[in-house]
Amino acid sequence: MFKKSLSDLKPYPPGKPVEELKRELGLRKIYKMASNENFLGASKKAINAIKKELKKIHFYPEGGAPLLKRALSEKLSVKETQLILGNGTNEIIHILGETILSPGDKVVYAWPSFIVYRIISKITEAEAVEVPLKNFAHDLDSMAKEVDRKTKLVFVCNPNNPTGTIVTKNQLAEFLEKVKDKNSDTIVALDEAYFEYVQSPDYPDGLKFLREGYNVFVLRTFSKAYGLAGVRIGYGIGNEKLIQEMEKVRQPFNTNRLAQAAALAALKDTKHVEKTVKKTLKGKAYLYQALERMNVQFIESETNFILVKVGKAKEVFEKLLKKGVIVRPMDGYGLPEWIRVTVGSESANKTFIRELEKIL
Ligand SMILES: *Cc1c(COP(=O)(O)O)cnc(C)c1O
């Protein structure tokens, strides 16, 4: 009675919530380093905007989020008609898939990468082509080879979750040319959820390629550096025709009032993002140094998380959990020896290192 394409799919495994672990262990202090959230919390301005908006929650939100669209369009120098808001970028990925994918269409993406690409492919009964990473980074040459007349959609997760590696400007330019030659209708979705964290001068801004007329769709979010994961809001930027079609699929009131108000305030609080990035870089440098001292292998990351090789990841995860440190074991991503750890506060990072050292 259920869709066949769902039979080999598992429900999305979220990072263990803090509340759950507190109940289970009765621990006072829990460090959640599993879901790449902002350890400083949200901008105070965003929190105040939510408080103000609370008075209006009996009214439906403005479905199209016009104020937020205007602010984003000014900040990004794109037209408002090139923007779509979603209940997290996760929903934008679903809307995109539902807008363009039919059973039998091909979707190409790297593996391991963000698991939602697999989920939307299965839901829409498209054929998912998962191209293994090479040295923990996108193998764009092999991905380009997979693009054919049936390929409607390609995902490039840049930086990649869970490895933290980037595709460079030159690599992306070359890839987009190849895709265009093979199938000019293929949409390349550039998932830039960690855009604000990237420091490399070789990192491409997906919007540049959109402006140059490539068939790309850029995804960004307020969940990561902006610290608004809990209210769920993200956005997509694409060509007007695509956005028009996606607007037909979007639920009328998909982003709620509190999320819209918070995002608008957070967008203007550039200081908070700067502080977040600065502290994250400092924390990341500490973690790198500590892991090197311990002779533990890790992948250098352009994001706020690090993939770390610990041996039996599931066991290490369970042991860290008992000490109140939540990380993400990567066995479900075909990396049974690795955990992914989000850069946290100074005390979170220190506790993680201290406990990991004891375990190893
Ligand atoms: C976190 C994340 C997202 C966005 O998540 P939302 O909270 O739904 O906005 C998208 N892509 C990647 C790769 C992510 O890691």
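The structure contained in this document is the topic of the report that follows. Worth saying up front: this structure is predicted, and the values here are computed from it rather than measured.

1. A short note on the nonpolar core
Right, on to step 1. In terms of nonpolar packing, the biggest core is built from 54 residues, with Phe175 and Phe222 touching the most fellow members.
Right, on to step 2. Apart from the residues lying within four places of it in its own chain, the contact partners of Phe175 are Leu140, Met143, Ala144, Val154, Val156 and Val188.
Right, on to step 3. Ranked by size, the runner-up nonpolar core spans 33 residues in total, among them Ile93, Leu96, Leu153 and Trp338.

2. Focus: the environment of Pro61
Right, on to step 1. Relative to the elements of secondary structure, Pro61 occurs in the loop between α2 (44-53) and α3 (66-76).
Right, on to step 2. Under the relative-accessibility criterion, Pro61 is labelled buried at 15%.
Right, on to step 3. C-alpha of Pro61 to C-alpha of Leu258: the two residues are 197 residues apart in sequence and 8.8 Å apart in space.
Right, on to step 4. Sequence-distant contacts of Pro61, defined by excluding residues within four places in its chain, comprise Phe253, Thr255, Asn256, Arg257 and Gln260.

3. Things to note about helix α9 (residues 240-249)
Right, on to step 1. All of the buried residues along α9 are Leu242, Ile243 and Met246. Buried residues of α9, seen end-on, are gathered within an arc of 95° and therefore sit on one face of the element. Exposed and facing more than 90 degrees away from the buried side of α9 are Lys241, Gln244 and Lys248.
Right, on to step 2. Residues of α9 that are buried in the fold lie against β2 (83-86), α4 (89-100), β6 (187-191), β7 (216-221) and β8 (234-237).

4. What to know about the packing of aromatic side chains
Right, on to step 1. According to the stated counting rule, one finds 12 aromatic pairs in the structure shown.
Right, on to step 2. Measuring from ring centre to ring centre gives 4.1 Å for Tyr117 and Phe155, while their planes differ by 10°; the resulting arrangement is stacked. Taken together, the residues span a long stretch of sequence, with Tyr117 in helix α5 (residues 116-123) and Phe155 in strand β5 (residues 151-157) at a distance of 38 residues. The same class applies to Tyr117 and to Phe155, which are both buried.
Right, on to step 3. Measuring from centroid to centroid gives 5.1 Å for Tyr194 and Phe305, while their planes differ by 80°, and the two rings are edge-to-face. Of this pair, Tyr194 sits in the loop between β6 and α8 (206-211) while Phe305 sits in strand β10 (residues 305-309), and the two are 111 residues apart along the sequence.
Right, on to step 4. In this structure Tyr194 comes out as buried when scored by relative accessible area, which is 2%.
Right, on to step 5. Put simply, the rings of Tyr109, Phe114, Tyr117 and Phe155 pair up and form one aromatic cluster.
Right, on to step 6. Here the guanidinium or amino end of Lys208 rests over the ring plane of Phe209, the centre of that ring lying 4.4 Å away.
Right, on to step 7. Note that Arg340 overlies the ring of Phe305, its terminal NZ or CZ placed 5.5 Å from the centroid.

Scoring rules and cut-offs
- Residues numbered from 1 in each chain as written.
- Predicted model: local features only at pLDDT ≥ 70, side-chain atom pairs only at ≥ 80, totals over all residues.
- Heavy atoms only, no water.
- Core = buried A, V, L, I, M, F, W, Y, C linked by side-chain atoms within 4.5 Å.
- Buried < 20%, exposed > 50% of the residue type's maximum accessible area, 1.4 Å probe, protein only.
- Contact = heavy atoms within 4.5 Å.
- Helix = DSSP H or I, 4+ residues; strand = E, 2+ residues; numbered from the N terminus.
- Arc of directions from axis to C-beta.
- Phe/Tyr/Trp six-rings, centres within 6.5 Å; stacked < 30°, edge-to-face > 60°.
- Lys NZ or Arg CZ within 6 Å of the ring centre and 35° of its normal.

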